[in-house]
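The residues making up each chain are set out below.
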Amino acid sequence: MKTRIAVLVSGGGTNLQALIDARDRGELPHGELALVVSNNADAFAIERARKAGIPVALCLREKGAPRADFEARLLDILSENRIDMIVLAGFMAILSSDFVARYPERIINIHPSLIPSFCGEGFYGLRVHQAALDYGVKVTGATVHYVNEIPDGGRIIAQKAVDIQPDDTPETLQRRVMEQAEWILLPRATEEVARKINSDLSS
Ligand code: GAR
């Protein structure tokens, strides 16, 4: 039995694509990409999932609607699909401590900086790279970590450093961090955690 993985997305889905490509190369032997959940109906990640034959569920939060309702629906979707592990791959919403407590060491996230720099609430997507450039650091990178009740505060699983070039813009830096760090780290960490969950479930 493989660990059944749900990948939660909000946007372009290049990290989802890295997981799909790793799966297709046989590099995810302990995990099954069982479901993609998007909180954005227009996310290109949905196309990528469909093309790869992965079921997609939309879980939208109406403006002003309580987070608890959104999370209750998300929990229903995950349990209907017998999900063991959650990968946040460009998922632009913060999950409550009640939610994350239901999946201890079962949720991982990719963040585009070397945590504890440039992370926490308000640091997502291009903003993270803008902050690194504004600060003037010469090295940044990406981090995969467990998700707990503190935004970007869970135990670190893997990190990779990436050099900043003098002429970088947030966009060029984002692309380099993805290519040199995120798309390598996330599939590896996903396999590592899926293997661990798999052995916990079968013991
Ligand atoms: C990625 O760079 C990911 O690390 C980041 O958003 C981008 C999503 O791209 N996530 C965060 O900033 C979370 N705090 P993708 O949709 O192409 O994978």
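What comes next concerns the included structure.

The rules behind the values
- Residues numbered from 1 in each chain as written.
- Predicted model: local features only at pLDDT ≥ 70, side-chain atom pairs only at ≥ 80, totals over all residues.
- Heavy atoms only, no water.
- Helix = DSSP H or I, 4+ residues; strand = E, 2+ residues; numbered from the N terminus.
- Rg over C-alpha atoms; globule rule 2.2 N^0.38 Å.
- Buried < 20%, exposed > 50% of the residue type's maximum accessible area, 1.4 Å probe, protein only.
- Contact = heavy atoms within 4.5 Å.
- Areas by Shrake-Rupley, 256 points an atom, 1.4 Å probe, with all protein chains shown as cover.
- Near = heavy atom within 4 Å.
- Polar contact = N/O pair within 3.5 Å; in protein donor to acceptor, adjacent residues only side chain to side chain.
- Nonpolar A, V, L, I, M, F, W, Y, C, P; charged D, E, K, R; others polar.
- Pairing = 2+ DSSP bridges.
- Axes fitted to C-alpha atoms, helices over the stretch in contact; angles between N-to-C directions.
- Parallel < 35°, antiparallel > 145°, perpendicular 65-115°, else oblique.
- Left-handed = near helix turned anticlockwise from the far one by under 90°.

Remarks on the overall build of the chain
Line of reasoning, step 1. Secondary structure summary: the chain contains six helices and seven strands in total.
Line of reasoning, step 2. For the chain, whose C-alpha radius of gyration is 16 Å, the value lies close to the compact-globule estimate of 17 Å for 203 residues.
Line of reasoning, step 3. Taking all 203 residues of the chain together, the buried fraction comes to 49%.
Line of reasoning, step 4. When contacts within the chain are restricted to residue pairs at least 6 apart in sequence, long-range pairs at least 24 apart make up 66% of them.
Line of reasoning, step 5. Accessible surface computed for the chain: about 10,100 Å², of which carbon and sulfur atoms make up 49%.

Quick look at the site of the ligand
Line of reasoning, step 1. Not every one of the 15 residues close to the ligand is listed here, only the nearest: Gly-13, Thr-14, Asn-15, Gly-125 and Glu-182.
Line of reasoning, step 2. Separating a nitrogen atom of the ligand from a side-chain N or O atom of His-111 is a distance of 3.4 Å.
Line of reasoning, step 3. Within the backbone of Gly-125, a nitrogen or oxygen atom sits 2.8 Å from an oxygen atom of the ligand.
Line of reasoning, step 4. Starting from 450 Å² of accessible surface for the ligand in isolation, the protein chains cover 93%.
Line of reasoning, step 5. At the level of secondary structure, the elements contributing two or more residues to the shell around the ligand comprise α1 (14–24), β5 (107–111) and α6 (170–201).
Line of reasoning, step 6. Considering only residue class, the shell around the ligand consists of six nonpolar, eight polar and one charged.

Let's talk about unusual backbone geometry
Line of reasoning, step 1. Ile-115 connects to Pro-116 through a cis peptide bond whose omega is 20°.
Line of reasoning, step 2. The residue Pro-116 is located in the loop between β5 and α5 (126–135) in this model.
Line of reasoning, step 3. Unlike most non-glycine residues, Glu-105 shows phi in positive territory, near 55°.
Line of reasoning, step 4. Residue placement: Glu-105 occurs in the loop between α4 (97–101) and β5.
Line of reasoning, step 5. A relative accessible area of 33% means that Glu-105 is categorised as partly exposed.

Observations concerning the sheet that holds strand β7 (residues 156–163)
Adjacent strands of a sheet pair through backbone hydrogen bonds, lying either parallel or antiparallel.
Line of reasoning, step 1. Spatial strand order, β3-β2-β1-β4-β5-β6-β7: seven strands in an open sheet with mixed pairing. Whereas interior strands pair on both sides, the edge strands pair on one side only; in this sheet they are β3 (56–58) and β7. Taking each pair of neighbouring strands and ignoring which way they run, the sheet shows an average axis angle of 20°.
Line of reasoning, step 2. Pairing between strand β4 (residues 85–88) and β5: three bridges, direction parallel. Paired with Val-87 across the strands is Ile-108, a residue of β5.

Notes on the packing of α1 against α6
Line of reasoning, step 1. Contact geometry for α1 and α6: axes closest at 9 Å, N-to-C directions at 55°. Classified by the interaxial angle, the pair formed by α1 and α6 is oblique. Considering how the two elements wind past one another, α1 and α6 form a crossing that is right-handed. The residues of α6 that touch α1, namely those facing Thr-14, Asn-15, Ala-18, Leu-19 and Ala-22, are Met-178, Glu-182, Trp-183, Leu-186, Pro-187 and Thr-190.
Line of reasoning, step 2. Its residues assigned to classes, the contact of α1 with α6 comprises seven nonpolar, three polar and one charged.

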